[in-house]
Amino acid sequence: MIVPFLDLNAQYRSIKEEIDAAVHAVLEECAFISGPYVARFEEEFALFCGRRHAVAVSSGTSALWLALCSMGIGPGDEVITVPNTFIATAEAISRCGAQPVFVDVEETTFTMNAALIERALTPRTRAVVPVHLYGQCADMDPIMEIAASRNLRVVEDACQSHGAQYRGRQAGSIGDAGCFSFYPGKNLGAFGDAGAVVTDDPELASRIRMMRDHGQPRKYHHDFIGWNDRMDGIQGAVLSVKLGHLAAWNESRRGAAGFYRKCLEGMEGVALPEEAGYGKHVFHIFGIRSGNRDRLLEYLSGRGIQCGIHYPVPIHLQSAYRHLGFGPGSYPVAEKIAREALSLPMYPELKPEQIRFTSEEIRKFHTMAQSGRESGTEGSGNCSRTYPP
Ligand SMILES: *Cc1c(COP(=O)(O)O)cnc(C)c1O
């Protein structure tokens, strides 16, 4: 059985008519860049996030950069973030001319450990960028508390967490700004690159709006040096259609995660992802941990099960950040996650038999790996036959 890591085609097929009509409308009107479809998506997405403003931009990377630089963060400033994230989080800080300062993460959620922020602060610290990793929010209350007491800005990297919640609030609605990516593989994915910044601050929103379009308040009048970071009309139209399905897709992901949990629970050698009591996980990634990760990945790949590693090298050990001077051991939790994390296939259309097959293969691998144990005892575990519920 082939179990793909994700299946964008299955999702397209399930809403093909709606999508095709939306794209066709953009083509008919030649509303290629910004325009009415992007404006409508901005309104809908702001509403979805429970924020007053959403500014559509060209990618999640740009969203992070635009948010930070529009807050005036620049050379000489330090911005606190985590080392176990996609490189874009740190790149956005560096592109502003500021310096990323890392704090390690919690072992349970893989998100920022707020207790470590205090000792990373210097007089140059200007902002904190927590990452809502894998579809789960960082513990925001203590982060917001420290930020308020030190007058720091908070930019949530919600690029993996569309629709996730923290104490009843939407991901991206808690800090000064929330940044989203609509890269095709994300929970809400466009048909190309796209992103957004959401905020309640009208001045910040207006500055980002100008910044994404050459610093112009009106055509060919430029108040400051901006850039081209606009969203395409086709992406806006596609995202409007898909936003209407996001809640159901996230529930499907949660259902798939629950079934994985049933199948894998209690299996020796495998640590399952934990959902923190404070929020709702939307499982952009279903990440397990294994002490034998690389061999497990290879075994599953040989059985047709495509997995991923998010991420194999923490940012502080990347060549791009060599100049910061960190060696192994600097951020032990992040480094351990990089060694042990394995992302199993996860997408809303994932079928129960694919989850069952994947789980059984993981069980077989561990049975084989444990010498001295008799083989062939692997059963169907706790896999209920009644999925979906
Ligand atoms: C995807 C992602 C980004 C970057 O988004 P792009 O749209 O690919 O530029 C940033 N941060 C995190 C955590 C991401 O997962």
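Residues numbered from 1 in each chain as written. Predicted model: local features only at pLDDT ≥ 70, side-chain atom pairs only at ≥ 80, totals over all residues. Heavy atoms only, no water.

**Observations concerning the domain arrangement of the chain**
Inference 1: Under the domain assignment used here, the chain contains domain 1 (8-243) and domain 2 (247-371).
Inference 2: When each unit is reduced to the centre of its C-alpha atoms, the spacing between domain 1 and domain 2 is 25 Å.
Inference 3: The interface of domain 1 with domain 2 comprises 42 residues on the first partner and 34 residues on the second.
Inference 4: Together, the buried faces of domain 1 and domain 2 total about 3300 Å²; carbon and sulfur atoms form 59% of this surface.
Inference 5: Its largest share of buried area at the contact with domain 2, domain 1 owes to Phe102, Tyr134 and Asn187, together 22% of the area lost on that side.
Inference 6: Applying the counting criterion to the domain 1 and domain 2 interface returns two salt bridges.
Inference 7: Those elements giving two or more residues to the side of domain 1 that touches domain 2 turn out to be α1 (8-14), α5 (87-95), β3 (99-102) and β6 (165-166).
Inference 8: For the side of domain 1 that touches domain 2, the residue count by class is 17 nonpolar, 17 polar and eight charged. (Domains from an automatic or database assignment. Contact = heavy atoms within 4.5 Å. Buried area = accessible area lost by both parts, 1.4 Å probe. Salt bridge = Lys/Arg side-chain N within 4 Å of Asp/Glu carboxyl O. Helix = DSSP H or I, 4+ residues; strand = E, 2+ residues; numbered from the N terminus. Nonpolar A, V, L, I, M, F, W, Y, C, P; charged D, E, K, R; others polar.)

**Observations regarding the packing of aromatic side chains**
Inference 1: Summed over all chains, the structure comprises 15 aromatic pairs.
Inference 2: Ring centres 6.1 Å apart and planes at 80 degrees place the aromatic pair Phe102 and Tyr331 in the edge-to-face group. Within this pair, whereas Phe102 is found in strand β3, its partner Tyr331 is found in the loop between α9 (293-302) and α10 (332-340), the two being separated by 229 residues in sequence.
Inference 3: Taken together, the ring pairs connect Phe41, Phe45, Phe48, Phe180 and Phe182 into an aromatic cluster. (Phe/Tyr/Trp six-rings, centres within 6.5 Å; stacked < 30°, edge-to-face > 60°.)

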